[in-house]
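Architecture and fold: a report
Here is how the chains run, residue by residue.
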Amino acid sequence: MISLVNPFQLKSKGILGINQRNSDYIMRYNKRSLYPLVDNKLQTKQLAISAGIAVPKLFATIKYHHQRKDLEKLLSERGDLVIKPAHGSGGNGVLVILGKVGRLYKTPSGDLMSINAIKHYVSNILSGMYSLGGVPDHAFLEYRIQFDPVFEDISFKGVPDIRIIVFRGVPISAMLRLPTRQSNGKANLHQGAIGAGIDLSTGCTTHAVVGNLVTTLHPDTGNSISDIQIPRWKEILQIAVKCSDTVGLGYLGVDIVLDRTLGPLMLELNARPGLNVQLANQRGLLSNLQTIERLENIPSSIDQRVAFAQTL
Amino acid sequence: MQKLAVHFWSIFFVAIGLAIFSHKVFQLGMPVVPDATTETWTIQAKLSFNGNGRNIKASMAVPNITPGYIKIDEHYISGDFGLNAKVRGDNKTAVWAKRKALGEQILYYRTTITRFNVATKWASVPDYPQAPEFVEPYATAVNKIIEDVRSQSADTASFTYELINQLRSSDKNENISLVKSLARTDEQMANLITKLLAVAHIPTRNVWAIELTDAANDVIPEVFIQSYNGDEWLTFNPKTGVSGIPKGYIVWKVGNGSLYTLKGGDAAEIKFSVTKSFIELLEVSKLAAKKDKAILGKLTLFSLPVHKQNTFSLILMVPLGALLVVFMRTFVGVQTFGTFMPILIAIAFRETQLLWGVILFTVIVFIGLLIRLYLERLRLLLIPRLAAILVIVVILMLVISYFTSRLGLDRLLSISLFPMVILAMTIERMSITWEENGAQTALIQGFGSLVVACLGYLIMTNEYLTYLMFAFPEFLFVVLGICIWMGRYTGYRISELFRFREIQSSN
């Protein structure tokens, strides 16, 4: 027998459902004309740079198939980078290259790829394999995050990131997303990554879920996921708020990674952030959403808003 | 504000749809079930006479305005007579003529009618009649009766009723007994009532009506009286005074003349017979729709050519499929490949039937996935790869068709109409989902698509629903209204009740 929750119980927990998220928040607060800013990661990156938000450095952009011939040169110059589709979502289409081994390139899973395999991969990106509706896309190469040592024990390949939901410029919920073996190194909860709720006021992890099930330990490393203090938490919240101001979307998911040398970097923005953050925090979004909807004046300064978020 | 508009439009569209629907059901009598039948009566009038070898001309009244009934069919069996049927006023007359006729001649008129409620409008407007002259002692008696009746009535209707009542009463009233003695038969009585009403300057006429029974020969038409109140004709039964044409009677002729006339012959006789049978209600409403002058009656898909009707009956089911998809996705939360792909699969299932459709779909997608897996290694560009998959799908379908026809399973030949492009897209999407999100997601979405497609098939091939949508395309408005309403559903999906089940465990 499949166990279901009583919908009234969900309501009383303040759980936001997809239908309500779409019609009451995304459609109401997110102007459609602003979507391209977040759907195209290259645009997001440029926007962030002009707003003074730290992002992983962009190495090169590949817009046309013939530009693939530069790949070999770019790869041998850097050796260590990430190839992404400009319109990918949920970590799809991201290829991480750790370095060159002989004539082949090493990926985090330990597989080796030839330059032709990488070229084929890029051409798939350009053909729109990872973009919505198969629309032709661009690929770009960027700096590979060297994640902060605090996450060393609780991630399996891939880079953990922090998802912060920002509503009308105020962070309302956050979670740490940890890649697992199942998620194939991706920090995507739908693919089996762990989501650990973060207490907004302290920046400490609380509960965690893998899939839709509550967990306390990382399934691959066996280490405890709760009570981990995220370093530079206030700074991270400030970046999230700044992103929301820059892009102008009222209901926004901000993904931030913590680099061991560069500190917090904004990775990407999401105009339709998922709802798993509620499971990770074991707390619904509705109460915070409604608190902020009721506010007549939202403080203009970033620090005030961060401080307000930490009281939620 | 938006919510209000949403509610307004959804209610608006649902109301429009239901209003047109109920108009068609209650006013035009369209059946809500496809094979509903209704009673029909075939009435035959047989006019026989002897020709005496000269120019002959026979005319017979035939039904024209028939309150409560509609003519489905009518035939004249004229032999070698020339026929001319024309409508004059409220009546229709068939006139048969022949240069020379000798011996017994028989002419038939046959009509099939069925119950149908439509407002009747008598066309003719009468002049006010001259008061007829009665000789004494009748004149005094008549005047007395008219005076009596007038004092006890308020308008034409009550006057007529009261008059008939007095004439029928068994009271020992001298005046009435005297006047009554003028009429012996029912027809004479009817004529007498007509005359008396004329004294009061009320225009009247006779109505000949035939009782509809299960089966009867030699039915004798009954005479009713209509009096004109300056606005409309009111019908009364001269025997009882009851107003209105009684249920189960069809009006054959109105006016004072006889049912037939004959010139150039003799021994004329008219005989009516009635038989009852059944007809599909739908036939009746199609007919009624044709006769209805209202635009709604004209807007029926039944008037389209048959092959177009079949296309439309399929097209009209697609919105129902879409409604199902909306429901399954926003209320249940089933994941599918593409939004309306399951509906296209469901349409394809119509050709193959459900079981074979599911088997074929699964087999083709499965083999396609295996081949797609290999194509992945060849590193083809996206579009050529899709085209290659499409070609492979076509080959698979050919092979399957060939072998199944060899095995005598002819039904599978019809997979030629299976949507190849849809299958190719499904394979491509499924394999990408498989790689990107893992086998579980791919299988869940594949299974979800198949479930929605099966449900879609069951809904879209449901005979009753197909009939309803075709007979009442206004249900499209209802579907539209429901779609708009569902578009503002902000509650949880059933899948979310499962997804967030772990919320329970904590506090």
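Predicted model only: the values in this text are computed from it and were never measured.

About the criteria used
- Sequence order as written defines the numbering, with residues in each chain counted from 1.
- Here every chain gets a letter starting at A, and every ligand a number starting at 1, in the order they are written.
- pLDDT decides what is reported in this predicted model: residues at 70 or higher carry local features, side-chain atom pairs at 80 or more are listed and counted, and totals for whole chains, interfaces and linings draw on all residues regardless.
- The basis for every side-chain value is the complete set of non-hydrogen atoms in the structure, without hydrogens or water.
- Secondary structure counts use DSSP, requiring at least four H or I residues in a row for a helix and at least two E residues in a row for a strand, with both numbered from the N terminus.
- The cut-offs for exposure are 20% and 50% of the maximum accessible area for each residue type, with area from a 1.4 Å probe on protein chains only; residues under the lower value are buried, those over the upper are exposed, and the others partly exposed.
- Any two residues whose heavy atoms approach within 4.5 Å at even a single point are treated as in contact.
- Only the protein chains shown count as cover for residues, and all accessible areas are computed by the Shrake-Rupley method using a 1.4 Å probe.
- Throughout, buried area stands for the accessible area (probe radius 1.4 Å) lost by two parts on being put together, summed over both.
- Criterion for a salt bridge: a side-chain nitrogen of Lys or Arg within 4 Å of a carboxyl oxygen of Asp or Glu.
- N or O atoms closer than or at 3.5 Å make up a polar contact, with two conditions inside protein: a donor-capable atom paired with an acceptor-capable one, and, for residues adjacent in sequence, both atoms drawn from side chains.
- As a working rule, the residues Ala, Val, Leu, Ile, Met, Phe, Trp, Tyr, Cys and Pro are called nonpolar, Asp, Glu, Lys and Arg charged, and the rest polar, with Gly in that last group.
- Note on scores: pLDDT gives the predictor's confidence for each residue, bounded by 0 and 100.
- A helix is expected to span 1.5 Å multiplied by its residue count minus one.
- The directions from the helix axis to the C-beta atoms are what the arc is built from.
- Only the stretch in contact is used when fitting a helix axis, every axis being a line fitted to C-alpha atoms; angles between N-to-C directions are given from 0 to 180 degrees.
- Crossings are classed by handedness, with left-handed meaning an anticlockwise turn of the near helix from the far one by less than a right angle and right-handed meaning a clockwise turn.
- At least two DSSP bridges between two strands are required for those strands to pair.
- Aromatic rings from Phe, Tyr and Trp, taking only the six-membered ring of Trp, are treated as a pair when their centres fall within 6.5 Å; an angle between ring planes under 30 degrees marks them as stacked, one over 60 as edge-to-face, and anything in between as tilted.
- Our definition puts a charge over a ring when NZ of Lys or CZ of Arg is within 6 Å of the ring centre and also within 35 degrees of the ring normal.

1. Structural notes on the overall build of chain A
When you go through chain A residue by residue, the secondary structure sums to 10 helices and 14 strands. Buried residues in chain A amount to 54% of all 312 residues. In chain A, once contacts between residues fewer than 6 apart in sequence are set aside, the share between residues at least 24 apart is 62%. Split by element, the accessible area of chain A, about 12900 Å² in all, is 52% carbon and sulfur.

2. Let's talk about the interface of chain A and chain B
At the junction of the two partners, chain A supplies 43 residues and chain B supplies 31 residues. For chain A, the biggest contributors to the area lost against chain B are A:Asn19, A:His120 and A:Met129; these three give 18% of the whole. Counting every contact that joins chain A to chain B gives one salt bridge. Residue A:Asp24 is joined to B:Arg488 by a salt bridge in which the shortest nitrogen-to-oxygen separation is 3.6 Å. Inspection of the region where chain A meets chain B yields eight residue pairs in polar contact (both at pLDDT 80 or more). Contributions of two or more residues to the side of chain A that touches chain B are made by helix H1 (7–12), helix H2 (18–29), helix H6 (115–127), strand S12 (213–215) and helix H8 (276–281) of chain A. Classifying every residue of the side of chain A that touches chain B gives 15 nonpolar, 22 polar and six charged.

3. Things to note about the confidence of the model for chain B
All names here are of chain B. When the pLDDT values of chain B are averaged, the result is 81; 91% of them are 70 or greater. When pLDDT is averaged over each helix and strand of chain B, the minimum, 55, is found for helix H7 (residues 295–298) and the maximum, 92, for helix H15 (residues 475–486). Listed scores for the predicted complex are pTM 0.67 and ipTM 0.76.

4. Some words on H15(B)
Residue and element names in this part refer to chain B. The end-to-end C-alpha separation of H15 is 16 Å, in line with the 16 Å expected for 12 residues at 1.5 Å each. Within the sequence span of H15, burial applies to Phe 475, Val 478, Val 479, Gly 481 and Met 486. Down the axis of H15, the smallest arc covering the buried residues is 160°, so these residues share one side. Tucked into the core, H15 has its buried residues touching helix H1 (2–27), helix H9 (318–332) and helix H14 (463–471).

5. A word on the packing of H2(A) against helix H9 (residues 286–294) of chain A
Residue and element names in this part refer to chain A. Look at H2 against H9: their axes get within 13 Å of each other, and the N-to-C directions meet at 35°. In this structure, H2 meets H9 at a crossing whose hand is left-handed. For the pair H2 and H9, the contacting residues are Gln 20, Tyr 25, Arg 28 and Tyr 29 in the first and Leu 286, Leu 289, Gln 290 and Glu 293 in the second. Class assignment for the residues of the contact of H2 with H9 results in four nonpolar, two polar and two charged.

6. Topic: the sheet that holds strand S9 (residues 222–228) of chain B
What links the strands of a sheet is backbone hydrogen bonding, and the strands pair in either a parallel or an antiparallel sense. All names here are of chain B. Here we have four strands laid out as an open sheet, ordered S10-S9-S7-S11, and antiparallel in their pairing. Each of the sheet's edge strands pairs with one partner strand only, and the pair in question is strand S10 (233–236) and strand S11 (249–254). Taken over all neighbouring pairs, the strand axes of this sheet differ in orientation by 35° on average, direction set aside. Alignment of S9 against S10, held across four bridges, turns out to be antiparallel.

7. Considering the sheet that holds strand S7 (residues 139–143) of chain A
Residue and element names in this part refer to chain A. Judged by pairing direction, the sheet is antiparallel, and its four strands sit side by side in the order S1-S7-S2-S3 without closing on themselves. Every interior strand has two partners, whereas the edge strands, strand S1 (58–62) and strand S3 (95–97), have only one. When the angles between neighbouring strand axes are averaged without regard to direction, this sheet yields 20°.

8. Side note on helix H3 (residues 156–168) of chain B
Residue and element names in this part refer to chain B. For H3, with 13 residues, the first-to-last C-alpha span of 18 Å sits near the 18 Å given by 1.5 Å per residue. Every buried residue of H3 is listed here: Thr 156, Phe 159, Thr 160, Glu 162, Leu 163, Ile 164, Gln 166 and Leu 167. Residues of H3 that are buried sit in contact with helix H2 (138–151), helix H4 (174–180), helix H5 (186–199), S9 and S10.

9. Observations concerning the packing of aromatic side chains
Each aromatic ring pair is summarised here by two numbers: the centre-to-centre distance and the angle between the ring planes. Taken as a whole and assessed by the stated rule, the structure comprises 28 aromatic pairs over all chains. Taken together, the ring pairs connect B:Phe8, B:Trp9, B:Phe12, B:Phe13 and B:Phe477 into an aromatic cluster. Here A:Arg78 stacks its cationic end above the ring of A:Phe59, 4.0 Å away from the centre of that ring. Here B:Lys98 stacks its cationic end above the ring of B:Phe81, 5.2 Å away from the centre of that ring.

10. Observations regarding the environment of B:Phe331
Residues and elements named next belong to chain B. With respect to the helices, strands and loops of the structure, Phe 331 is situated in helix H9. Taking the C-alpha atoms as reference, Phe 331 lies 6.3 Å from Ile 494; in sequence the two are 163 residues apart. Other than its neighbours up to four places away in sequence, Phe 331 contacts Val 326, Trp 485, Met 486, Tyr 489, Tyr 492, Arg 493 and Ile 494.

11. A closer look at the pairing of S9(B)
Residues and elements named next belong to chain B. Among the seven residues of S9, six are classified as buried, and the element is accordingly described as predominantly covered. Summarising the sheet, strand S7 (residues 204–211) and S9 pair through six bridges and their orientation is antiparallel. The partner of Ala 209 across the bridge, within S9, is Glu 222. Counting the residues between successive antiparallel strands, the hairpin from S9 to S10 contains four residues, one of them, Gly 230, with a positive phi of roughly 95°.

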